[in-house]
Amino acid sequence: MATGPAAAFLEPRWPTPIRRGTVGGGSVRTGAADWPLPPPRSPIASPRCDEREPFAGRFRSGAYFAAPLLCALTSSSSRRVRRRAAALSRRLLGRVRRHAARDRLQDTEIRAAMQLPPEALEIVPGEEVANGRDSRSDLRGTWLNLFRNSAPYIAMFRNTVMVFHIPGHLLNDTRSAELEGLLGDITLCTLLGVKPVLVVAIEGRILQRATVEGLGGEGGAPVTLQSLPYEDDVLRMVKEEVGIVLAELEGVLGRLGRYVQGRRRSVGPSPAVEKAADADDEDETSFHVYASSMLVSAAPFRTTDGVAGGLLGRVYKVDVQQIRRRLQDNDLVVLMPVGTCAGGDVRCVSSEQLATEVAKQMKAAKLVFFTRGQHFVDTRRRGLPVATIQVKDASEWVKYAKEKPEILQDELARELLSYVELLIEALALGTRRGHLLDSMQGSLLQELYTTDGRGTLVSQDLYDGLRLADASDVGGILGLTMPLVEKGLLKKRSGYEVERSCSAREMFVWKRDDQTLGCASLECFDDAPDMAELGCFVVSEACRGKGHGTVLLAYIERVAVLQGLRTIFLLTTQTMQWFEERGFRSTSVDKLPECKRKSYDVTRSSKVYMKNLDEIPSSVMERFSFVEVDTLE
């Protein structure tokens, strides 16, 4: 038996054990654990250590020879040494256990763990409760309703061109989470069939860098595109910023495209057919971003006094045909607000004006401006956000805002004012809809694919021509309803009855250019003051299938809400499905007002449908009609 200091390594005096652990054959006890030592083993004698994993063999032998040393350290009189030795022993024990488990794990065990054995499968009835929840109720919830409600919008917006203006405040940091989230939403819209055109605002970056480098802004004046001189240093700086932003955006869009789109697979009858289809579509599996400086032509900007605008230019022409070809190839087109003049000069144009010109010339379905959070609220409705605003109302607000110094002095208000002016201009020349919303991730998807939306929708004046009918409209209403009466689809009304409804302010008519497009009546009852009957609901044959019926119904519902009505009902024999899609529910004749039940015509066997106006806010009903209607030409 060894004596002296060496005895501490060969024959340590074991302290009282605290806990036990098993590693191998023998046993070593320390202040923190009871260590069984593995049998002595040379790494050289192990083929696994030499050929497959030499480090593991050295580690095992090292752990074996280091264990007595740790035992000796835990017997030290120093409390600090004992604590550190106990911690090292626990780490060493964990490593030895992990290596031992890895050595014992075989490929067959891995495959067995990945498989589902047949004896683990059991069939249970649907009424049984699993984990405290009804299995059938898992399909119900918010997500299912949202998915079902978004399906019509997905179909509606497929293969439509949308222009998105990417604001400059998101480009201060091109790796920001807000910018990446917005680009991710646009990428998902592309996957759903939207043809997107992105117009990127880089004016802020150019002006910021020009200020740092001391270009322009003489005499302490702020640097603007108009004050920047047309010099080589300025042009070099502009080209560098355009290249930097474009390269970073392409990287982000490419990464998001591969993540969202994934790899498309063809549904072939066999793997060979699928492999052949993948080989043919090899170029279509990735997400393509197309950007070119040749898509935009610019012209020098000159003031009304003929003074040149420096680096600032104006949009002269947009290559619409090239953009359409790229969109047909499922490319995402990115436009930078930089154009080339006829002489080869480079000019910076306003990104907002460029987005408006692209939307006008391409007759885009939507032009979307992203704000910094500012939005419209309606003070008449306790400050609720404005979901929809018509062009006429927006134009009146622009005139009102330009006379208010408090609005013109507010930077955010001026920004929103400029966006509204551009949307009015775009909608007047072919763009169907305009949107104002914040750039938060998910806002765009909620705005496009839900009924209530997220921001403010700017639309044409769809209610133009809708009004209360008078005695001069009786002939047009009778001429509109008579063909349906002859087919038995509509109850016959005499001229006297129609004129009486007009005198009672219960009949509404839709006229344009002296032509009657539609009509509807809203008859109230004394014994049911909160209910009214929707009747004589007719749209001219030339306008059917174009959204006029949806607009007319939304108008009548808004009028009913203004009158304090809570429920409207109708009797129909043919168009049940159309009304069901717009919130009406079938009910019994007993739910009708008493005076209406007495006059109910049993021979017609009309179905009764009711709609509760309290379930959906009137602003949402109006927005739904504006979103659903494509055009009212």
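Residues numbered from 1 in each chain as written. Predicted model: local features only at pLDDT ≥ 70, side-chain atom pairs only at ≥ 80, totals over all residues. Heavy atoms only, no water.

### Focus on the overall build of the protein chain
Put simply, the test is: Runs of H or I in DSSP of at least four residues are treated as helices and runs of E of at least two as strands, each being numbered from the N terminus. Working definition: with a 1.4 Å probe on protein chains only, accessible area under 20% of the residue-type maximum means buried, over 50% means exposed, and in between means partly exposed. Residue contacts are counted whenever heavy atoms from the two residues lie within 4.5 Å of one another. For the area figures, the Shrake-Rupley method with a 1.4 Å probe applies, and any residue is considered shielded solely by the protein chains shown.
Counting its regular elements, the protein chain contains 22 helices and 25 strands. The buried share of the protein chain, taken over its 633 residues, is 43%. Sequence-distant contacts, at least 24 apart, represent 67% of the contacts inside the protein chain between residues at least 6 apart. Element-wise, carbon and sulfur atoms account for 52% of the exposed surface of the protein chain, whose accessible area totals about 35,300 Å².

### Description of helix 7 (residues 177-191)
Our working definition: In this analysis, the expected span of each helix is defined as 1.5 Å times one less than the number of residues it contains.
Compared with an ideal rise of 1.5 Å per residue, which puts 15 residues at 21 Å, helix 7 spans 21 Å between its outermost C-alpha atoms and is within 8% of the ideal. Taken from the residues just after helix 7, Gly193 is the one with a positive phi, measuring 110°.

### A closer look at the environment of Lys402
Cut-off, in case you're wondering: Identification of polar contacts relies on pairs of N or O atoms within 3.5 Å, with a donor-acceptor requirement for protein atoms, meaning one able to donate a hydrogen and the other able to accept it, and with residues adjacent in sequence counted only if both atoms are side-chain atoms.
With respect to the helices and strands, Lys402 occurs in the loop between helix 13 (391-401) and helix 14 (405-408). It is 9.4 Å that separates the C-alpha atoms of Lys402 and Arg414, two residues lying twelve residues apart in sequence. Beyond its immediate sequence surroundings of up to four residues, Lys402 is in contact with Leu408, Leu417 and Glu421. A polar atom in the side chain of Lys402 sits 2.6 Å from the side chain of Glu421.

### Quick notes on the sheet that holds strand 16 (residues 388-390)
Convention followed: DSSP-based pairing: two strands are paired if at least 2 bridges between them are found. Geometry is summarised by axes, namely lines fitted to C-alpha atoms with helices restricted to the contacting stretch, and by angles between N-to-C directions that run from 0 to 180 degrees.
The eight strands are arranged 7-10-6-5-13-17-18-16 in an open sheet whose pairing can be described as mixed. Of all the strands in the sheet, just strand 7 (289-291) and strand 16 have a single pairing partner and so form its edges. When the angles between neighbouring strand axes are averaged without regard to direction, this sheet yields 20°. Note that strand 17 (residues 433-438) and strand 18 (residues 456-459) share three bridges and pair antiparallel. Residue pairing for strand 18: His435 is matched across the bridge by Leu457. On the sheet, helix 13 packs against strand 16 and strand 18 and is oriented at approximately 80° with respect to strand 16.

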